[in-house]
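Examination of the molecular architecture
Listed here are the chains, written in short residue letters.
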Amino acid sequence: MTKETAMNFKAATLWGMIVVLFALVPVLASSPYQINLASHVLIWSLFAVSFNMLWGVTGMLSLGQALFYGLGAYSVGLLVNYLGSAWYLPGIGIGLLAAALLAFFLGLLVIRVGGVYFTMLTLAFGQLAWQITFKWYDFTGGDDGIQGIMPPGLLGNKTAYYYFLLVLVLVSIWILKRMAYSPFGLILRCVQQNPDRVRFLGRRVRRNQLRIYIISSFFSALAGSLMVGVDSSIHTDMLYWTTSGEVILMSVLGGINQFFGPFVGAVAIILIEDYVGAYTEYWSLIIGTIMLVMVLGFPKGLVGEARRLIMRFGRTETGR
Amino acid sequence: MKKNVRVCLAIALLALMVMPMAIHAEEKVIRIGAMYPMTGRPGLYGIDSVAAAEMAMDEINGKGGVNGYKIDATFTDSKAKPAYAVRVATRYITEDKVHFLFGIVSSGVGLAVTEVSKQYKTIFIGTDHASTQLTVDKFQPYYFRVSNDTFSSMAAGALYLKELQAKKPWKTIAYIGPDYAYGHDQWNELRYNLDRFGVKHKVVGEYWPKLFEPDYNSYVTSLINDKPDILVTGFWGGDTVAFIKQAQAYGMFKKTLYFQPDAGGNYELMSAMGAELPAGLVLGARHYNNWPDTERNRNFVQSFFKRTGRYPTYAAEGAYAGVYAIAKAVEAVGNPDDTEALVKALSTLKIQLPEDPEGFTSYIDPETHQIMQMQAIGVTMPNNDFPPAKMMLGDWKVYKPEDIAPPAEYIKEKRK
Amino acid sequence: MDASFFFTQFVSGLTMATLLFLVASGLTLIFGVGNVFNFAHGSFYMLGAYFGYQFVTVWGNNFWLSLVLTAVCVGLVGMVVEAVFLRRIYGRANEGGFQILLTYSFILIIDDLVKLIWGTEYKSLPRPQGFQGAFQAGDIYFPAYNLLIIAIGLFVVVAAWWILSRTRAGRVARAAATDREIVGVLGVNVPRTMTLVFGIATALGGMAGALAAPLRTVTPGAGIEVIIDSLIVVVLGGMGNFWGAWFGAILIGEVNAFAVAFVPKWATLFSFLVMVIVLVFKPEGLFATRKIRKL
């Protein structure tokens, strides 16, 4: 076996193990809480992975992806609330379409500038959307949110819904992975490292940035719309900038240069939040310290550091 | 060198994550899963609630518990985030097998948690969130609230204004309150009640600053220009403090009566502002440290002080009442496992609480599962009994629950 | 609506604007010189308020002395934070995200430390002696303390402009912002300059906190509430530009003041609206010093 195929094989095994593990959750779970937790983990993973396509891969640090996450959630939530639960699945579709359209128009505005200006602009639009949702009490429920949003028919069953979202999340992540390692993904990496050279090569930087902005927003909206069925509710929190910050944290924790980094980061953050939150009121101190340590000591993230360790041990084993 | 640092960091991280598991399965225990915000702005409400709930538990368990059952509560920071609170509530019910969900300060979080309570048929005792929706529009049989809703505060407020009008005719009224459900509910309910009691009034201004707005200068000058006789505000917590400080500098309270019947009379305001608090503001709250002047209330306030070194805000009494309500219901039923019997016991519960004046007993309304209590409104005046406060309320006007609870037609209308 | 109302509304807008500017000034300084995006700036503002409370209310010091002490203490905390933590991530790939996370972790940590030290009760500072009253003109009041704040804001913006453009230290700082390496080669100790600038910026934040405390509530979580508004101001004015931040703050303050007076129902949306309109036409802000167009 060549090294290349061995790596591929390993990746495939890992991938398979993740699928099996998550598929078995409802069977092994001792309580609905664990299914709920696994759902949160999966949805946040999708959100984080799609965010990292924007940041880790293309170098566009958006602090406003919560806008699309919330848009997905509110499309489903509002449609179901006003028109009935039959609109659940169409709601997801409408939400995705709306997210793609909004990302297109917003993208035209925000990708005109780079670096921290891009970050600020995305933050600004995100906060505007949050403020409107918060304010428009009669329509969105404002700070109270909307509760009791049930998916129709079979999907009303928690386990069935879990498998529904499992399939959608895994397929989405698989698509994003294919994309990240396709020629398109390569161009995106080049956009991050050397936009001028991309131009010399006759590729358009802006167009590719816009594309990935739309794609990332699309999958963020999908994550948001899937979340509605898990908690049966929507809240303005979903649009707040800290939600956008959370996915940055997940990406860094897992490792931004690894495709699966944000996935692992999401798992870790959700579990840490629940675990720490359950045992101390000083969770903010502890999570803050974890963030600080990760940023300063392990910039490659959990997956990156694990790889480094594997590489080192691998070398000593086969070295002589 | 660098490697060692990394290893140390990694170990530190691991140590943080492998904290001791403290799950224990005692025989006869009433398990309460409580959620309160303990950080940021509403943190004070949460911390006071936790202290008071623990105080009640110690008192009850110290006397041998209820029918041989000890009360045991877990407290989790709700972070005032609905999605997170739903996750915690689900964990409480399905993993920790709690008998009661408990607490919650924010109405938004309360509305999310009441859905979980309904779904899993687990009783939810609300102790501090005030939205009338929970007991009226979004009522579900497993929900009970042991603190005031905004409706009764506002109805009491309307009666106060009516009496005032008879004494000292006022015509115009203006409102300022935070721009979210709590702020809007109060204003709607106050106007509903003013109309219901036939109080003639003219609204000259309505203002909606955002929640936690730090700067009210522009609102104050605009309000002064509106020249209202009565200024009603719907703030809570630090926003009240900031508004009063800024408005006072403009001499606003010389011409306009400041009126805040739901959360204004909370002790946090008195303790934060000390001597700076102007006299003559008309305020109400869900519990007062100096009213009613009964032994029960004095004991409650003093034991809280002994426990924490400070006097309680109103959130504390709600949590205290919640634990006692649970104890009383379990005592009547005999065990904490028969949920349906507990619901029945709770919905006809009568209970003596620190905020009950002599000769009155709080009771739960079977129709709404809302506790019915006397509501007092007072005026700020010098009083050094509860330092660091230098002003407290006095000159009380007291209203009976039958007069201020949501009327049947209101409930019918909202539940449609 | 008469002219005197317009004037009072304008002045009350100025008060809000100036406090906003004082917070934003530190933020824009760190960004302009250090290219550091300090999300925790609001937490230094909060620390300033708590230090002010400690010095004045608990230890009974004179307000003005306390103000100076607060600025110095918060500045020192800022310098330590920069030298121990922030410095380590300069120049890292994808630095922006790491900056946001690192400074966000400061918010979380400082919030809990404040809670551990001072508890969750709301604290309050009285207005200083001599500034408790108000100037009265007919029916209208102008609180003396508010006018003082407006004056201090003007002083800060002029002083900062003078230092940055007319003194050697200011020129070094600006040069370091443009090209750290060259400045280093020229014999300037760049890391020390950065630490110092960060210290000054956080001191400005701390001073704003202590100045605002007599008008507002000292409470945990106060930092996160001012940071977004200050960011808006900094972005509006063009990041790193003092006059821009001052103008941005006045714009937001006045738009808000008149929105409150004439369309109170929608007032809270206006500051966002202004920002969006400006950024659609001038994405790098009104007074951008540099064009950062390339990615």
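Use the structure listed above.
These lines cover the structure that appears in this document, whether it is placed above or below. (Residues numbered from 1 in each chain as written. Chains lettered and ligands numbered in written order. Predicted model: local features only at pLDDT ≥ 70, side-chain atom pairs only at ≥ 80, totals over all residues. Heavy atoms only, no water.)

1. Remarks on the overall build of chain C
The number of helices and strands found in chain C is 11 helices and 2 strands. Reading the secondary structure of chain C in the N-to-C direction produces α-α-α-α-β-β-α-α-α-α-α-α-α. The C-alpha atoms of chain C give a radius of gyration of 19 Å, which matches the 19 Å a tight globule of 295 residues would have. Expressed as lengths along the three principal axes of its C-alpha atoms, the size of chain C is roughly 65 × 50 × 35 Å. Residue burial in chain C is summarised as follows: out of 295 residues, 64% are buried. By element, 70% of the accessible surface of chain C is carried by carbon and sulfur atoms, the whole surface being about 11100 Å². (Helix = DSSP H or I, 4+ residues; strand = E, 2+ residues; numbered from the N terminus. Rg over C-alpha atoms; globule rule 2.2 N^0.38 Å. Buried < 20%, exposed > 50% of the residue type's maximum accessible area, 1.4 Å probe, protein only. Areas by Shrake-Rupley, 256 points an atom, 1.4 Å probe, with all protein chains shown as cover.)

2. Looking at a positive patch on the surface
Residue and element names in this part refer to chain A. Positive charge collects at one region of the surface, where Arg203, Arg204, Arg207 and Arg211 lie side by side. Its location among the elements puts Arg211 in helix H10 (residues 205–231). Residue class for Arg211 comes out partly exposed when judged on its relative accessible area of 42%. (Patch = residues over 30% accessible without salt bridge, like charges linked within 9 Å, V, L, I, M, F, W, Y side chains within 5 Å. Salt bridge = Lys/Arg side-chain N within 4 Å of Asp/Glu carboxyl O. Lys, Arg positive; Asp, Glu negative; His and termini not counted. Charge placed at Lys NZ, Arg CZ, Asp CG, Glu CD.)

3. Section: the interface of chain B and chain C
Listed by partner, the interface residues are 41 residues for chain B and 42 residues for chain C. Around 3400 Å² of area is buried between chain B and chain C when both sides are counted, 51% of it from carbon and sulfur atoms. The interface formed by chain B and chain C contains 3 salt bridges. A salt bridge links C:Arg216 to B:Asp215, with the nearest nitrogen and oxygen atoms 3.0 Å apart. The biggest single contributor to the side of chain B that touches chain C is helix H8 (residues 238–249) of chain B, with 7 residues. (Contact = heavy atoms within 4.5 Å. Buried area = accessible area lost by both parts, 1.4 Å probe.)

4. Describing the sheet that holds strand S14 (residues 375–382) of chain B
All names here are of chain B. Overall, mixed pairing links the 7 strands, which are arranged S7-S6-S8-S9-S10-S14-S15 in an open sheet. At either end of the open sheet lies a strand with only one pairing partner, and these are strand S7 (202–207) and strand S15 (391–399). Each strand axis lies, on average, 25° off the axis of its neighbour in the sheet, ignoring direction. Of the pairings in the sheet, the one linking strand S6 (residues 172–176) to strand S8 (residues 230–233) comprises 4 bridges and is parallel in character. Following the sheet pairing, Tyr175 is matched in S8 by Val232. Its contacts with the sheet put helix H7 (residues 217–226) on S6, S7 and S8, and the angle it makes with S7 is roughly 170°. Running at roughly 175° to strand S9 (residues 257–260), H8 makes contact with S6, S8 and S9 of the sheet. (Pairing = 2+ DSSP bridges. Axes fitted to C-alpha atoms, helices over the stretch in contact; angles between N-to-C directions.)

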